[in-house]
Amino acid sequence: MRRYGTEAVALALLALAGCGPSPDTDDKGDRHTGKPTPAARDKGPACVGEDPGHTVHVLRGGGFKLPGGGGVQYTDATADGTDRTATLREGATYSTGQQQWKVTPGTKVTLSGHTYAVRQVCAHRVTLDPESPEARTALATEPTSLEPRQGASDDALCFTTGPAVRNAAAQGFPAKGDTLTLLANGSVHRFPTGLSVTVAYVHPDTGTAGLDANCATVPVAGYEDVRAGDTVEFAGVEFEMAGLSDKAVRLTRTSG
């Protein structure tokens, strides 16, 4: 879900032509270290609202395919220490011209012909409750097989509220309280029900990392600037970032 704007492209072209500023100096000509600047700490709260269960979990920076052929993405969030707002965009993957909404718990959005109520907004996810029986049934339908094929045929494994799939996914991770270690060497870590996770970057100087997850060819999470104590979620299982080094990111499982 990482994209570069036209300004970044223009600067890159200027630099290639020898017209842009030196990467080792700022606009005053002074040298700087080139180290990444830590992102501002989220003001919280971590979550607002309650998740009643059997809801759609849309993960930060990712998308979720929905009944009716469309989808939804969780693209941005703001928090002021008391309230939390999320930005949702229609479509499971990015394209130009998509409609988007700012939502809080209680907001209702119509996606692919079905209405969903926002039940909970967290820094790491938004939970949506389908209001129509047709959408509820379609989302909870169990697949004929729990074996992933690593492609679009895994939709029923990746985008579901069905307990059998969620249980199979949960069993593929370390037990609650144990540590999941993701190597920061560019490798893809594959898990049951079609999920794959990659460490996008590690910045030991700032104590932050980026984590990307894909399932059924859809980017389902894109966590930016995750640091110790932050929560992330994969396939319905929550983790707390325990620490990192230039070689790995360590996550402690916090949900059952």
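Everything quoted here is computed from the prediction, not taken from an experiment. (Residues numbered from 1 in each chain as written. Predicted model: local features only at pLDDT ≥ 70, side-chain atom pairs only at ≥ 80, totals over all residues. Heavy atoms only, no water.)

Of regular secondary structure, the protein chain possesses 4 helices and 17 strands. Residues classed as buried in the protein chain amount to 40% of the 256 residues present. At a minimum sequence separation of 6, the contacts of the protein chain that also span at least 24 residues come to 47%. On the protein chain, roughly 13100 Å² of surface is accessible, and the fraction owed to carbon and sulfur atoms is 50%. (Helix = DSSP H or I, 4+ residues; strand = E, 2+ residues; numbered from the N terminus. Buried < 20%, exposed > 50% of the residue type's maximum accessible area, 1.4 Å probe, protein only. Contact = heavy atoms within 4.5 Å. Areas by Shrake-Rupley, 256 points an atom, 1.4 Å probe, with all protein chains shown as cover.)

This brings us to the pairing of strand E12 (residues 196-203). Where strand E11 (residues 189-190) lies against E12, 2 bridges are found, and the strand directions are antiparallel. Across the sheet, the residue bridging to His 189 is Val 197, located in E12. The hairpin formed by E11 and E12 contains 5 residues between the paired strands, and Thr 193 there has a positive phi angle of roughly 65°. When E12 meets strand E13 (residues 208-215), the two strands line up antiparallel, connected through 7 bridges. Residue pairing in the sheet places Thr 198 in a bridge with Asp 212 of E13. Between E12 and the antiparallel strand that follows it, E13, lie 4 residues; Gly 207 among them carries a positive phi value of about 70°. (Pairing = 2+ DSSP bridges.)

Our focus in this paragraph is the sheet that holds strand E5 (residues 84-90). Strands belonging to one sheet form pairs held by backbone hydrogen bonds; the direction of such a pair is parallel or antiparallel. Strand order in the open sheet formed by 4 strands is E3-E4-E5-E6, and the pairing between neighbours is antiparallel. The strands lining the two open edges of the sheet, one partner per strand, are strand E3 (63-65) and strand E6 (100-103). On average, each strand axis in the sheet is tilted by 25° relative to the strand beside it, whichever way the strands run. (Axes fitted to C-alpha atoms, helices over the stretch in contact; angles between N-to-C directions.)

Inspection of the secondary structure assignment puts His 124 in the loop between strand E8 (114-122) and strand E9 (125-130). Among the residues examined, His 124 registers a relative accessible area of 4% and is labelled buried. With sequence-adjacent residues up to four places away left out, His 124 is seen in contact with Cys 47, Val 58, Leu 59, Arg 60, Tyr 74, Tyr 223, Thr 231, Val 232, Glu 233 and Glu 238.

When its volume is computed, the largest pocket comes out at roughly 820 Å³. Secondary structure elements with two or more residues in the lining of the largest pocket: strand E4 (71-79), E5, strand E14 (218-226) and strand E15 (231-234). Ranked by the residues each element gives to the lining of the largest pocket, the list is headed by E4, at 6 residues. Class assignment of the residues belonging to the lining of the largest pocket gives a composition of 12 nonpolar, 8 polar and 14 charged. In this structure, the second largest pocket encloses a volume near 290 Å³. Around the second largest pocket sit 16 residues that line it, and His 57, Arg 166, Gly 236, Val 237 and Gly 256 are the ones nearest its centre. Listing elements by their share of the lining of the second largest pocket, those giving two or more residues are helix H4 (163-171) and strand E16 (237-244). With 4 residues, H4 is the single largest residue contributor to the lining of the second largest pocket. Classifying every residue of the lining of the second largest pocket by side-chain character gives 4 nonpolar, 8 polar and 4 charged. (1 Å grid on protein atoms, 1.4 Å probe; cavity = no way out; pocket = protein on both sides within 12 Å on 5 of 7 lines; lining within 4 Å. Points joined across faces, edges and corners; volume = space filled by probe spheres on them. Nonpolar A, V, L, I, M, F, W, Y, C, P; charged D, E, K, R; others polar.)

The subject of this paragraph is the nonpolar core. Counting residues in hydrophobic clusters, the biggest one holds 52 residues, and the most contacted among them are Leu 128, Leu 195, Leu 211, Phe 234, Val 249 and Leu 251. Broken down by element, the residue count for this core peaks at 5 residues, all from E14. If sequence neighbours within four positions are ignored, Leu 251 has contacts with Asp 178, Thr 179, Leu 180, Leu 182, Leu 211, Val 232, Phe 234, Phe 239, Glu 240, Met 241 and Ala 242. (Core = buried A, V, L, I, M, F, W, Y, C linked by side-chain atoms within 4.5 Å.)

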